[in-house]
Amino acid sequence: MPISILGMTYKYLGELEKAIEILYKSLEVNTNNLGMKILALTDILICEFIIGEFNQVPKHYKEIAHLIDKGGLQEIKEEKNILHSVVFPKFVSEVYTTIVESAHLSLKSKIPHIGESHCLSFAYQSLFISSQTKYIQPFLIEGGKAFHLAKNNKNKWKSSLVKQIEKYKSSEEIFISFGEIDCRADEGILQFAKKKKLNIEQVCFETVNNYINYMELTLSPFFSSRYYFGVPAPVILNLTPTHLDKTRIELIKFFNQVLKNEVLRRDLFFIDVFELTTNENFENNKIHMIDNTHLSSTCLPLLFKKHLYSKSN
């Protein structure tokens, strides 16, 4: 197995120290392959950030930007890997600037936040919860969809979830952020429904229900309080929304409503991210975002003050 792939495998399993060690070795092997160096540095940056080794984030970000300027992206074959190498370093670097002065790693108690990249938005922020101040520990399942977790078969995203839970069983709470990828224009529910010629709302409803069923079966034995985050309202780049834009807006509205209803019906906690981020046209109000996809770290207190729901309220 190539060194870089082995490093990525460890990353998916949450064994980040091993992943970092192997990815650094891949830098030594691939000295002339700028594309491989970009990919390895991107994964190193992500892994070091998650385990709380912040000092190297600015350095890695500059190195990646330098390699991109030298044409390194042209040596990366897959479009998804190019996007990964452009979006993730910038996003993590932006989050880093908001926590470098306020990281609460000295706190004894932490709350795991499981999800795709959205779990990084609130990394290392402190929160007063259950009569105690705790910090939020990101728990990344990269590329994970509600759809992946809703499926009956085993897959790498479920394996990552089960493997990483072992580290966080001491926490009473867990935060959960999946669904944004499911609601994108070029993948997820829209494309699946189109390919299979199925009703979009039916696919959405089944995905959300099966996703929550699996998560509750997996998480409830270990975490007494489960907090599900909704999906932000979509950032619409076109001056006049296209038919696809409008379809996606309706999907995200429906996804959030089904998720909220099902979470509250099961007496769980729901954080209504859509309510915070939407304008009168159900597009993103662009007030609380760090980029076109991810929430800003600064909106966490507002979410818990005004947009936290439980069955009792």
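Trainee: Help me get a handle on the overall build of the chain, residues and values and all.
Mentor: Broken down by element type, the chain carries 12 helices and seven strands. Relative to the compact-globule value of 20 Å for 313 residues, the chain shows a C-alpha radius of gyration of 19 Å, a close match. Residues classed as buried in the chain amount to 53% of the 313 residues present. Taking the intrachain contacts of the chain between residues at least 6 apart in sequence as the baseline, contacts between residues at least 24 apart amount to 72%. On the chain, roughly 15,200 Å² of surface is accessible, and the fraction owed to carbon and sulfur atoms is 52%.

Trainee: Let's hear about the nonpolar core: which residues, and what values?
Mentor: The biggest cluster of nonpolar side chains holds 40 residues, and the ones touching the most others in it are Ile114, Leu161, Ile176, Tyr211, Met215, Tyr228 and Phe255. Contributions of two or more residues to this core are made by helix H6 (146–150), helix H7 (156–165), strand S4 (173–177), helix H8 (189–196), helix H9 (200–219) and helix H10 (243–265). Here this core takes eight residues from H9, the largest share from any one element. Contact partners of Met215, with chain neighbours within four places excluded, come to Ile114, Leu149, Leu161, Ile176, Phe178, Ser220 and Tyr228.

Trainee: Now, about the packing of aromatic side chains: what can you tell me, with residues and values included?
Mentor: Here the structure, examined in full by the defined rule, presents 15 aromatic pairs. Relative to Tyr135, the ring of Tyr124 lies with its centre 5.9 Å away and its plane at 25°, an arrangement referred to as stacked. Of this pair, Tyr124 sits in the loop between strand S1 (110–115) and strand S2 (126–129) while Tyr135 sits in strand S3 (residues 132–140); the two residues are 11 residues apart in sequence, bridging distant segments of the chain. Here Tyr124 matches Tyr135 in class, with each residue buried. Consider the rings of Tyr211 and Tyr228, whose centres lie 6.2 Å apart with planes at 85°: the pair is edge-to-face. Highlighted residues: Tyr211 in helix H9 and Tyr228 in strand S5 (residues 225–229), separated in sequence by 17 residues. Taken as a pair, Tyr211 and Tyr228 share a single burial class, namely buried. Aromatic rings pair up to connect Phe122, Phe175, Tyr227, Phe229, Phe269 and Phe304 into one cluster. Over the face of the ring belonging to Phe282 we find Lys253, whose NZ or CZ atom lies 4.0 Å from the ring centre.

Rules behind the numbers
Residues numbered from 1 in each chain as written. Predicted model: local features only at pLDDT ≥ 70, side-chain atom pairs only at ≥ 80, totals over all residues. Heavy atoms only, no water. Helix = DSSP H or I, 4+ residues; strand = E, 2+ residues; numbered from the N terminus. Rg over C-alpha atoms; globule rule 2.2 N^0.38 Å. Buried < 20%, exposed > 50% of the residue type's maximum accessible area, 1.4 Å probe, protein only. Contact = heavy atoms within 4.5 Å. Areas by Shrake-Rupley, 256 points an atom, 1.4 Å probe, with all protein chains shown as cover. Core = buried A, V, L, I, M, F, W, Y, C linked by side-chain atoms within 4.5 Å. Phe/Tyr/Trp six-rings, centres within 6.5 Å; stacked < 30°, edge-to-face > 60°. Lys NZ or Arg CZ within 6 Å of the ring centre and 35° of its normal.

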